[in-house]
Amino acid sequence: MVDLLKISLTLISILLLLRIKLNISYVMLIASSVLFLLYWMPFPLILKTCKDAALNSATIKLILALSFIRIFEMILREHAVLTQMMNAVKAMFRNRKIIVASMPLLIGLLPSIGGAYFSAPMVAESTEDTKMSPEEKGFVNYWLRHPWEYILPLYPGILLASVISKIELHKLITVNLTYALVMLITGFLFGMQKAKGVLNTEGKLSKKGIWSFTPIAAVLLLVVIFHMELHYALIISVVALFIFYRYGLKKIMSSLKHGFSLDIILLILSVMLFKEAMESSGAVRNVSQFFIQKGVPTLPILFILPFITGLLTGITVGFVGGTFPLIMSVAGTSTSAISFAFVSGYLGVLFSPVHICLVLTREYFRADLWKMYKMIIPAGLIILFVAVVEYMILK
């Protein structure tokens with residue numbers, strides 16, 4: 001019981017600090033310090049915990065992966081690859097629903113904070129002559145941007161979940177694929193009923209448009225089909241892009257400087273330090289034993305802890321880094337358990353009123369937030385139902 005109170009205090013401190021918009025890296029560092037103090041960990045053990053967090057092979061791989069994701073994204077943005085992809089979709093399809101959906105889906109391929117604001121004008125333009133309400137437009141722009149976070153290794157949430165749980169990334173992606181598809185279907189089901197007819201778009205499909213899909217497709221192919229570790233796949237892809245776009249030494253160094261941001265390195269180190277602190281303090285082991293002794297069912301734990309953390313923070317790495325070490329102690333590292341916990345936490349993020357994409361989308365379309373929730377909540381409950389069914393089957 002004492003351990004449960006200590007963990008609760010730690011999680012509450014994380015939530016409160018994130019609520020006042022303190023940087024997630026500093027939040028996790030403070031949370032680790034709280035654990036050190038609550039458990040009266042001796043200084044040599046604290047040093048060992050810090051060393052293990054910093055020099056862990058998983059930490060190094062994560063830093064490499066996220067840094068090269070930043071470089072990869074920057075190159076694609078600089079060369080308007082995303083714009084070419086969208087033009088290709090417009091040339092291939094005339095169906096309004098497909099074109100409207102493609103805007104947030106394509107923008108969502110590249111992880112960027114507040115990325116929903118980029119696709120909002122495109123959704124508005126392609127739906128201006130429809131009877132869609134501002135809330136329906138906002139829902140489509142918001143909801144259809146986010147299926148990728150379940151399965152796309154360019155997003156740090158699923159990557160961090162794989163590293164912490166030690167489940168191979170391609171396995172987690174395979175299990176999560178169902179949820180991404182259901183999210184796509186619910187987006188059409190709840191938001192696209194008034195998006196009827198065809199759009200008269202100019203331009204023809206070009207070879208350049210087709211080839212624009214190659215960089216992202218290459219990364220997915222290497223990770224999902226060939227089971228290559230993400231950091232290797234990204235390094236290969238970035239080097240290929242350097243060669244293709246004929247980057248000189250100065251440009252390459254500038255790209256590397258952008259990728260290996262101090263903020264990203266600090267984020268990874270702080271999250272991994274918290275994970276190590278949870279384990280070395282004995283918190284994870286003791287709370288696990290408490291739940292087992294009290295006979296608490298696994299499924300509610302897998303849902304409640306990540307969901308509440310995701311709801312209050314609106315950040316995927318927040319619920320993964322903050323709750324997965326504890327969840328693993330209770331449920332182990334089965335793919336079904338970790339996947340269900342990820343879905344639960346991500347639903348919390350999607351429902352969160354502080355999720356920056358939701359805030360920006362509502363602001364752009366001047367939509368009523370509660371009317372948007374009337375679509376977001378039932379769509380999310382369908383995903384949760386599917387997640388429970390899949391968890392029971394896989395278990």
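Q: Just give me the short version of unusual backbone geometry, but keep the residues and values in it.
A: In the Ramachandran plot, alanine 80 falls in the positive-phi region, its phi being about 50 degrees despite a non-glycine side chain. Phi at arginine 246 is positive, roughly 55 degrees, even though this residue is not glycine. By secondary structure assignment, the location of arginine 246 is in the loop between α14 (230-244) and α15 (249-259).

Q: Tell me about the environment of alanine 277, and name the residues and values.
A: Within the fold, alanine 277 resides in helix α16 (residues 262-280). As a C-alpha pair, alanine 277 and isoleucine 46 span 231 residues in sequence and 8.1 Å in three-dimensional space. With sequence-adjacent residues up to four places away left out, alanine 277 is seen in contact with Ser32, Leu35, Phe36 and Thr49.

Q: Explain helix α3 (residues 43-55) residue by residue, including any values.
A: Here α3 spans 18 Å end to end across 13 residues, near enough to the 18 Å set by a 1.5 Å rise per residue. Looking only at α3, the buried set comprises Ile46, Thr49 and Ala53. End-on, the buried residues of α3 take up no more than an arc of 60 degrees, which puts them together on one face. In α3, those exposed residues whose orientation departs by more than 90 degrees from the buried face are Pro44, Lys51 and Leu55. Along its buried surface, α3 packs onto α2 (24-38), α4 (57-78) and α16.

Q: I'd like to hear about helix α13 (residues 214-225), residue by residue, with values.
A: What α13 keeps buried is the set Pro215, Ile216, Val219, Leu222 and Val223. Along the axis of α13, the buried positions cluster into a sector of 135 degrees, meaning they face one direction only. Where α13 is buried, its residues meet α4, α5 (81-92), α11 (169-191), α12 (207-211) and α14. Of the residues trailing α13, histidine 227 is marked for its positive phi of about 55 degrees.

Q: A description of the packing of aromatic side chains should follow, citing residues and the corresponding values.
A: For the coordinates displayed, the defined rule picks out 14 aromatic pairs. Where phenylalanine 340 meets tyrosine 391, the ring centres are 5.5 Å apart and the plane angle is 40 degrees; that geometry is what we call tilted. Highlighted residues: phenylalanine 340 in helix α20 (residues 335-351) and tyrosine 391 in helix α22 (residues 369-394), separated in sequence by 51 residues. Looking at phenylalanine 340, the relative accessible area reads 2%, which means it is buried. By way of ring pairs, the aromatic residues Tyr150, Tyr179, Phe319, Phe324, Phe342 and Tyr346 are connected into one cluster. Here the guanidinium or amino end of lysine 6 rests over the ring plane of tyrosine 39, the centre of that ring lying 4.4 Å away. The lysine or arginine in question, lysine 251, covers the ring of tyrosine 247, its NZ or CZ lying 5.6 Å from the ring centre.

Q: Any details on the environment of tryptophan 211? Residues and values, ideally.
A: Examined against the element boundaries, tryptophan 211 turns out to sit in helix α12. We classify tryptophan 211 as exposed; its relative accessible area is 61%. Expressed as a C-alpha distance, the spacing of tryptophan 211 and glutamine 84, which sit 127 residues apart in the sequence, is 9.0 Å.

Cut-offs applied
- Residues numbered from 1 in each chain as written.
- Predicted model: local features only at pLDDT ≥ 70, side-chain atom pairs only at ≥ 80, totals over all residues.
- Heavy atoms only, no water.
- Helix = DSSP H or I, 4+ residues; strand = E, 2+ residues; numbered from the N terminus.
- Contact = heavy atoms within 4.5 Å.
- Expected span 1.5 Å × (residues − 1).
- Buried < 20%, exposed > 50% of the residue type's maximum accessible area, 1.4 Å probe, protein only.
- Arc of directions from axis to C-beta.
- Phe/Tyr/Trp six-rings, centres within 6.5 Å; stacked < 30°, edge-to-face > 60°.
- Lys NZ or Arg CZ within 6 Å of the ring centre and 35° of its normal.

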